[in-house]
Each structure stands twice: as C-alpha cells, then as structure tokens.
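Overview (structure and organization)
Here are the chains, one letter per residue:
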Amino acid sequence: MSFIDDIFERSVKSRIFKRREVLMPDYVPEVLPHREAEIRRLAATLAPALRGERPNNVFIYGLTGTGKTAVTRFVLKKLEEKAGELRVPVRGIYVNCRHRDTPYRVLADIAESLEVRVPFTGLSTGEVFSRLVKKLRGRAGVLIVVLDEIDFLVKRHGDDVLYKLTRINEMLDGGSKVSIIGITNSVRFVESLDPRVKSSLSEEEMVFPPYTAEQIRDILEARAEEAFQPGVLDDDVIPLCAALAAREHGDARRALDLLRVAGEIAERRGLDRVTRSHVMEARNEIERDRVADVVRSLPLHGKLVLASIVMATGGGRHYTTTGEVYDLYLQLTSSINIEKVTFRRVSGIIGELDMLGLIVGRVTSRGRYGKTRVIELASDAEAIIEALSEDPMLDGVLEVIERRAGVSVRRRESP
Ligand code: ADP
Ligand code: MG
C-alpha cells in the first residue's frame, strides 16, 4: 500500500468502529456462542452427505433472532468446505423466500446454482421444475436446499412447490439426491402447514429457543470485539442492549441492531465513546424506523383506521373500542371525500393492524351486551403520525389527527 492510501485511510478511519460490517444482519460470524448443541445436531444430520447419502430433511423453527439463519449458513459452509477437502460432490444453496417470494424465483435460484440458465420470466413454473429435474438426473452428488423464511412463499403461493421439492428424489436415480432445510420464524405457520408437507419436511425438527439476557451478552461481546475500536464501549452498554433485547423474546438481531445504531449515533456526533444514553436513543430510532416502514406499506384505509385509533386512544393514553374507531374513521373519510368501507371491513383491518404489531386488540365480555373488542395502541403515536404525514392523501386531516391524539410532530418530506 502506498503512503497516499495511508493518508486517505487514516482520514476516513472511524474512532468508534473497527469493522462495522461485523454488526450487520447478514454477516456470518465464525463463533456462535450458545448454539453449540444446535450446530452439532445440524452437522450430524447433514454429515451423511459426505458419504453420498441423502441427509434427512430438516424443519427449523423458532422466533426471530434466535440464530436459525446464522447456524444453518455456518454449518452449510463448513460442510461444503469439508466436502471440497474430501472431493465429494456436496452442494448447498441458500434461498431466502422473503426476497424470492414466488415458486418460479425459488426454483430458478436452485436451478441456477446448478448452472441451468433460467430466463427472468417467460417459462412456466412447471417448465423450470422439469429443467431442474433433468439437470439433477444428469449429475451425481447431494444438493442441500435451504429455504429460509419459507412462510413468505407458502402464504402467498401455497405449498405446492414445497410438496414437489420434498418429492423430487422420487424422480431421480441413485446418484443424485436432494435434501431440504426449511426455516421459519412463524409458529402460526407451522400449525397451518398441510400435514403431508409438514411430515416430509420434518424428518428432523429443530426448535431454536430464545436467548436469555446473559447469552445475548456473550454474543454481543464476541461481536463487539471485532466490530469496535478497543475501549470505546462504556461498561454498561452491552448489558443494556442485552437486557432490552431479552425483554423482546431474546432476539439477538435486535440486540446487535441496538449496539450498531448506538455506535452510529456516537460516530455521527464525532464522539469517541458509546454510552448508555446512545443505546436508549438507538432504541427510539429503531422503533421509529420499524413503525415508519409498517405504516408506509399500509393501504389508504389501513392508514385511516390506524389514524382513527391514534385519535380514539388520545395518542395511546387510553383504550378504545371498534365502535369509536369506526365513528372517527367515518369522519376522516368524509373530510377527505373518499368512499368509506363497511364496519365489518374496518373490524378486519383492525385485526390486520394487530398482526402487524401496531395495536393490540383484546376481546372482553362486557356484561349483557356480549363481547367487545378493547383496542390499545402498541407503538409510539408520534412515530405513527410522522409516517402518516408522508401520505399526501392525509394532508387535509393531519391537524385533526394531531389535535385528537394530543401530539404534534415535525413533518417529514415525502421520500
Ligand atoms: P433468525 O434466523 O433465527 O431470525 P439470525 O440467525 O438471523 O436469526 O440471527 C440474528 C442475528 O444475530 C444475526 O446477525 C446473527 O449473526 C446473530 N446471531 C444469532 N445467534 C448468534 C450467536 N449464537 N452468536 C453470534 N451471533 C448470533
Ligand atoms: Mg432468519
């Protein structure tokens, strides 16, 4: 490296981070504390591939941030390395079904990993499948297909492609074998899966438990060592990140995000230390971003119902009911002059907002009038209104929403 590179490097060198990318979600670390048992079990399950045998299919589930993706990628990488050493044909392919969310894209990715050219569109899914089978027939060895976040695929397109993939070995002859590792964060999905598909997918089943605060602390410490300059973290930073993430079901991703964003905040301000107040700020920033993403993606009536809930709960200060929400919704739709949807539909939308984690609805029995749903706001009213303010359709009612919610927000420019 020449001296000029040195100069540049020194001037862009962060006082906080040594390697920030180590804290990014897609980084696969070399050590995974507290997942030794899972790594062992998955490795033992896949090991027969090194003898040319087909490993059992594996179905992995557990809440987000419990290390499912990291462990699977790690074991697959090690397996491929070993296979390379031993010169046995074992190939792994990782597909994230949240991003590859059609059967066509999933099959195309698998086919392309075997050097089958598949045009971006134009073929039928069946045709892609046939080409894949044909290619597999002409080769020997074990192919391990990881389908991560498999619920995204099945929710939108059914389980047909899964069914076909788990049966693909019946169409192959001796030398070529396919194993499937299916991963999901959604327990509800596991329950909803067709029993036929579930049973062929779960020749082995692994459940990843949430981490405890102490375990998350170890995970963060290992990562922080690589990610930060020595001595920049105050002693209470990692324990605080761990405690906050443990409160949210032991999510290691959340903990790493907190740590990374806290570091970014310190760096933005030109500081050379990260403190607990940066972690608290990071928490707000992450929560606002999460809320903003969800709110932006809502259709107009979803936004209007949400706005009505924000109003009806006084910005989250008290409970409300579907009836009150509907009244406010009617007022909003008539002030901006758009068609309203039915009470029933609004009730359905409230259920969807609940699924998205923006609100919490509970059904209670209220004396002789039967059941009522009690609705509570589950995220920050200010962050919601700020995101709502990006939608020009709501310009005319923003002031009313703010007044009834008892908050006022700074306006965001539409992105
Ligand atoms: P899941 O797939 O279960 O949602 P991930 O495997 O994506 O969770 O893990 C979330 C984040 O936490 C990733 O950045 C991952 O590298 C990290 N992580 C999870 N478990 C561990 C662990 N035991 N050691 C180190 N990092 C971990
Ligand atoms: Mg994952």
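Residues numbered from 1 in each chain as written. Chains lettered and ligands numbered in written order. Predicted model: local features only at pLDDT ≥ 70, side-chain atom pairs only at ≥ 80, totals over all residues. Heavy atoms only, no water.

1. What to know about the packing of aromatic side chains
Per the stated rule, a full pass over the model turns up 4 aromatic pairs. Ring geometry for Phe-17 and Phe-228: centres 5.1 Å apart, planes at 25°, overall stacked. Of this pair, Phe-17 sits in the loop between α1 (3-12) and α2 (36-46) while Phe-228 sits in the loop between α10 (213-227) and α11 (237-247), and the two are 211 residues apart along the sequence. Both residues of the pair, Phe-17 and Phe-228, count as buried. Taking the centre distance of 5.9 Å and the plane angle of 20° together, the rings of Tyr-326 and Tyr-329 count as stacked. Of this pair, Tyr-326 and Tyr-329 are both found in helix α15 (residues 322-335), 3 residues apart, which corresponds to roughly one turn of the helix. Since its relative accessible area comes to 13%, Tyr-326 is described here as buried. Taken together, the aromatic side chains of Tyr-326, Tyr-329 and Phe-343 make up a single cluster linked through ring pairs. Here the guanidinium or amino end of Arg-73 rests over the ring plane of Tyr-94, the centre of that ring lying 4.0 Å away. (Phe/Tyr/Trp six-rings, centres within 6.5 Å; stacked < 30°, edge-to-face > 60°. Helix = DSSP H or I, 4+ residues; strand = E, 2+ residues; numbered from the N terminus. Buried < 20%, exposed > 50% of the residue type's maximum accessible area, 1.4 Å probe, protein only. Lys NZ or Arg CZ within 6 Å of the ring centre and 35° of its normal.)

2. Concerning the domain arrangement of the chain
Domain boundaries in the chain define domain 1 (36-208), domain 2 (211-293) and domain 3 (298-405). A straight line from the C-alpha centre of domain 2 to that of domain 3 covers 33 Å. Counting from both sides, the interface comprises 5 residues of domain 2 and, opposite them, 10 residues of domain 3. Interface area for domain 2 against domain 3, summed over the two sides, is near 530 Å², with a carbon-plus-sulfur share of 53%. Sorting the residues of domain 2 by area buried against domain 3 places Arg-288, Arg-290 and Val-291 first, and these three jointly supply 79% of that buried surface. Here domain 2 and domain 3 share 3 salt bridges between them. A salt bridge links Arg-288 to Glu-382, with the nearest nitrogen and oxygen atoms 3.8 Å apart. Applying the counting rule to domain 2 against domain 3 returns 1 residue pair in polar contact (both at pLDDT 80 or more). (Domains from an automatic or database assignment. Contact = heavy atoms within 4.5 Å. Buried area = accessible area lost by both parts, 1.4 Å probe. Salt bridge = Lys/Arg side-chain N within 4 Å of Asp/Glu carboxyl O. Polar contact = N/O pair within 3.5 Å; in protein donor to acceptor, adjacent residues only side chain to side chain.)

3. Remarks on the site of ligand 1
Inspection of the region around ligand 1 gives 22 residues, with Pro-33, Gly-65, Lys-68, Thr-69 and Tyr-211 positioned closest. Pro-25 has a polar backbone atom sitting 3.4 Å from an oxygen atom of ligand 1. One of the side-chain N or O atoms of Thr-69 is found 2.7 Å from an oxygen atom in ligand 1. With the chains in place, 97% of the 550 Å² that ligand 1 exposes on its own is no longer accessible. Tallied by class, residues from the shell around ligand 1 come to 12 nonpolar, 6 polar and 4 charged. Split by domain, the shell around ligand 1 shows at least three residues from each of two domains, domain 1 (36-208) and domain 2 (211-293). (Near = heavy atom within 4 Å. Areas by Shrake-Rupley, 256 points an atom, 1.4 Å probe, with all protein chains shown as cover. Nonpolar A, V, L, I, M, F, W, Y, C, P; charged D, E, K, R; others polar.)

4. What about the sheet that holds strand β3 (residues 141-148)?
Across the sheet, 5 strands lie side by side as β2-β3-β4-β1-β5; this open sheet has parallel pairing. Two strands in the sheet have a free side with no partner beyond their single neighbour: β2 (90-96) and β5 (204-208). Neighbour-to-neighbour, the strand axes of this sheet turn through a mean angle of 15°, independent of strand direction. Where strand β1 (residues 58-62) lies against β5, 5 bridges are found, and the strand directions are parallel. By the bridge assignment, Phe-59 is partnered in β5 with Glu-205. Taken strand by strand, helix α4 (residues 103-113) contacts β2 and β3, and its axis lies near 150° from that of β2. (Pairing = 2+ DSSP bridges. Axes fitted to C-alpha atoms, helices over the stretch in contact; angles between N-to-C directions.)

5. Examining the side chain of Arg-223
Following the sequence through the fold, Arg-223 ends up in helix α10. No salt bridge forms around the buried Arg-223; measuring N to O, its nearest opposite-charge neighbour Glu-226 is 6.2 Å away. Ignoring anything within four residues of it in the chain, the contact list for Arg-223 reads Val-22, Leu-23, Met-24, Tyr-27, Pro-29 and Leu-256. (Lys, Arg positive; Asp, Glu negative; His and termini not counted.)

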